[in-house]
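Here are the chains, one letter per residue:
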Amino acid sequence: MVFTPQHDQMDCGPACLSMVASLHGKKYSLQYLREKCFLTKDGVSLLGISEAAKKIGFNPIATRLTLEELVSLAEPCILHWNQNHFVVLQKVKNQHVTNQRTFRIADPGFGYITIDEGSFKKSWLSENTEGIALYLDPTEQFYKVEAIQSDGLSIKYFLDYLKPYKRQILQLLLLLLTGSGIALLLPVLMKNLIDLGVSPKNMGMVKLILMAQLALFVGSLTIEIFRNWIVLYVGARINISLVSDFMKKLLKLPMGFFETKMMGDFNQRIQDNERIEAFLTSQSLLTFFSVITLSAFLVILCYYDLTILLVYAVLTGISIIWFYYFLYKRSILDYLRFRQRSENQENIYEIFSGVTEMKLNQVEDMKRKGLKQNLLKLFEINLKILKLEQVQLSGFEFINQTKNIVVTFLAATYVINGNMSMGELLSVSFIIGQMNAPVSQLVTFFRSFQDAKLSLERLNEVQNHPEEEQVDQKPLGLTGKHLPIGEMPGVKLSDLFFQYGASSSPFVLKEINLLFPEGTTTAIVGASGSGKTTLMKLLLKFYEPTHGEVCFNNVNLTMVSASSLRRNCGVVMQDGFIFADTIERNIATSDELIDYTRLWNAIRIANLQEFIESLPLREKTKVGAVGNGISGGQKQRLLIARAVYKNPRYILLDEATSALDAANEKIIHQNLTEFFLGRTVIVIAHRLSTVKNADNIIVLKDGQVVEQGNHSTLVSKKAEYFSLIKNQLELGN
Ligand SMILES: Nc1ncnc2c1ncn2[C@@H]1O[C@H](COP(=O)(O)OP(=O)(O)OP(=O)(O)O)[C@@H](O)[C@H]1O
């Protein structure tokens, strides 16, 4: 089985599927399986994995089993883990000596891990005696279908970033080469100090050699200073370009990409860029020179004596094996620590985000005690890790010291037997001491190489993701000139169906056929969850319809550039966002140079003058995360002003005035009615006052249009709209 690490927090399902597919000889890209699994911010469900598995030719069987049943089946399968994660069970082993069972698990968030029955039960069993497992049987289709792999982002992409710094890199190479030269000269000087200076009692020679040593020391210090400076300069500049290019690409991706990612996933990708930059600029170069220095030292040792070289190589090999053996032993503890840490982080996050409810319901003590228990568990695991680390490090040091003693013993024997000079003995000890650093540099290099590979895969996903804007897309046509004769200009939805997620998930919008005529105001009403916001997001091209089409003046939205569409739409979303900036910058987001006439007009329409004039810094006052707190109603008015400032052709408002008091709403309503003239307006609202003057009112129920018409016709029909306004739209009788 090829281990597939998850790239993001929610990727465990697709990663498990990819591992099981690799067991049957097919390597699918994580990106492809992620799309097939219909990932959301909550991760993927067992149903999502089963559907994706079916698509690549597996016959999935999800079942609830007892531990004994799972063991008797003895087949690799995907397990639901800790109620919030998926892992692959590779095999169950019976330890003959202890007669205990161990379980080999591939956890995409961590790696391979073998755990005992107790830990396994704790993580897998969800209802005391049973847990959930998904078995995947490959059908004939599985072998016929060609596995989809993504084009790898090659390291060449990153090497291109080094190009502008050719001169600095050349300087760095020269400096490192000189540094290696100095490192090689030092043992030679030491040998001569003893053999040509101390032994023949030649003080002049001693002084000369010590002066040379001092000069070399000053030289290597200067090299170190320049080297650090160049690495920092080049590294930082490359990092800036990498992160800025990465953000540019990221922001061109469609909304769907962001919907499946958490904040931490984006932070991780910024760190990935830094990791690759560090790998290229410092790790690789340093390792390259470590290899050169190490080889030169080995040649000198070989020149002095082959036996010494062999002893050195064997003992170094043993110390590396020891190091890796303990790394393997530590993996189970690291795994427990990793899970415990994430549990603690969730606890802390919950405490801070739910502090209001905690205080209201007096659960502070319970939550605090829970966190303390978890911290104690983490402490115990850390203690175990410390013990293991101590054994690991002591053993490693012991082997290293033994190496020094054995080599010195050998060299001393040669000196006593007259086969080696005293100077050569000192020089050999010096070399052995100096070789530790390049060896550990090589060991860490292989580990950071693995990390860099994973980072590369993660960045690859962003680089290879199709952008929202396609080259063949056109700007939004603003006239209905090219419309067929008899067709009204406006926004038209034909036979539109939409579902979030997998093909088995319910349709949120069904069979929608609608026209929003140019220059009119349409209101959309319906119970909560009936699909109003979703409809609006489809008009804004946040999602593609599952079936059917959205046309603006007869041009299918798939052919229209998303940024051009949004430039022409003034939108207030339910969860609109206020940037941490001044009020004027929050309103005039679309212009670099603010048009103050338009700004003050927008402020007037949104009835914000009084509020702004009451502030000492007026429109220059900072709001959002870094500034003054603003009320829900003020936030909505700012968002309305932002939409108005754009002077758009289309206006879409989703519950834009829901937090306003009656007086404010009335004024804004009057102002907006005037502003709406000649524009195409779509308003979602629950309040009767907002919808009753619309040219057309559309009633949505369970994702379908059940009624439409103006207020008086719909009221007289006494059907859906009537009962809605009776129940929800604050109207009695
Ligand atoms: N990102 C999403 N992923 C999956 N399902 C979603 C998503 N957003 C909304 N839904 C589901 O789609 C349905 C319609 O949601 P929508 O937000 O469009 O309703 P609404 O009519 O605007 O409701 P409200 O009046 O409460 O805002 C709901 O059942 C909701 O759970």
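Residues numbered from 1 in each chain as written. Predicted model: local features only at pLDDT ≥ 70, side-chain atom pairs only at ≥ 80, totals over all residues. Heavy atoms only, no water.

Looking at an unreviewed UniProt entry, one finds the protein named Peptidase domain-containing ABC transporter and attributed to Pontibacter silvestris. The Subcellular location (unreviewed entry) comment attached to the protein in UniProt states, word for word, "Cell membrane". (UniProt positions renumbered as here; feature names shortened; annotations may be inferred.)

Caption draft 1: Here's a closer look at the site of the ligand. Close to the ligand lie 13 residues, the nearest being Ser528, Gly529, Lys532, Thr533 and Thr534. At a separation of 2.9 Å, an oxygen atom of the ligand approaches a polar side-chain atom of lysine 532. Contact distances for the ligand include 2.9 Å between an oxygen atom and a side-chain N or O atom of glutamine 574. Relative to its free-state accessible area of 630 Å², the ligand is covered by the protein chains to the extent of 61%. At three residues, the largest contribution of residues to the shell around the ligand is made by helix α16 (residues 532-539). The class makeup of the residues in the shell around the ligand is three nonpolar, eight polar and two charged. (Near = heavy atom within 4 Å. Polar contact = N/O pair within 3.5 Å; in protein donor to acceptor, adjacent residues only side chain to side chain. Areas by Shrake-Rupley, 256 points an atom, 1.4 Å probe, with all protein chains shown as cover. Helix = DSSP H or I, 4+ residues; strand = E, 2+ residues; numbered from the N terminus. Nonpolar A, V, L, I, M, F, W, Y, C, P; charged D, E, K, R; others polar.)

Caption draft 2: Just the environment of methionine 10, in detail. Relative to the assigned elements, methionine 10 resides in the segment before α1 (12-23). With relative accessibility at 15%, the residue methionine 10 sits in the buried group. Taking the C-alpha atoms as reference points, methionine 10 and lysine 261, 251 residues apart in sequence, are found 7.5 Å from one another. (Buried < 20%, exposed > 50% of the residue type's maximum accessible area, 1.4 Å probe, protein only.)

Caption draft 3: Representation of the packing of aromatic side chains in the model. Evaluated as defined, the whole model comprises 25 aromatic pairs. Where phenylalanine 498 meets tyrosine 500, the ring centres are 5.0 Å apart and the plane angle is 85°; that geometry is what we call edge-to-face. For phenylalanine 498, a relative accessible area of 4% puts it in the buried group. Both rings, one in phenylalanine 498 and one in tyrosine 543, keep their centres 5.4 Å apart while their planes meet at 35°; by these two values the pair is tilted. Residue phenylalanine 498 is found in strand β7 (residues 490-499), and its partner tyrosine 543 is found in the loop between α16 and β10 (547-552); the two are separated by 45 residues along the sequence. Accessibility assignment for this pair places phenylalanine 498 and tyrosine 543 in one class, buried. Here the aromatic cluster, defined as three or more aromatic residues joined through ring pairs, consists of Trp81, Phe103, Phe120 and Trp124. Over the ring of phenylalanine 142 we find lysine 26, and its NZ or CZ is 5.3 Å from the ring centre. Here the guanidinium or amino end of arginine 679 rests over the ring plane of phenylalanine 675, the centre of that ring lying 3.9 Å away. (Phe/Tyr/Trp six-rings, centres within 6.5 Å; stacked < 30°, edge-to-face > 60°. Lys NZ or Arg CZ within 6 Å of the ring centre and 35° of its normal.)

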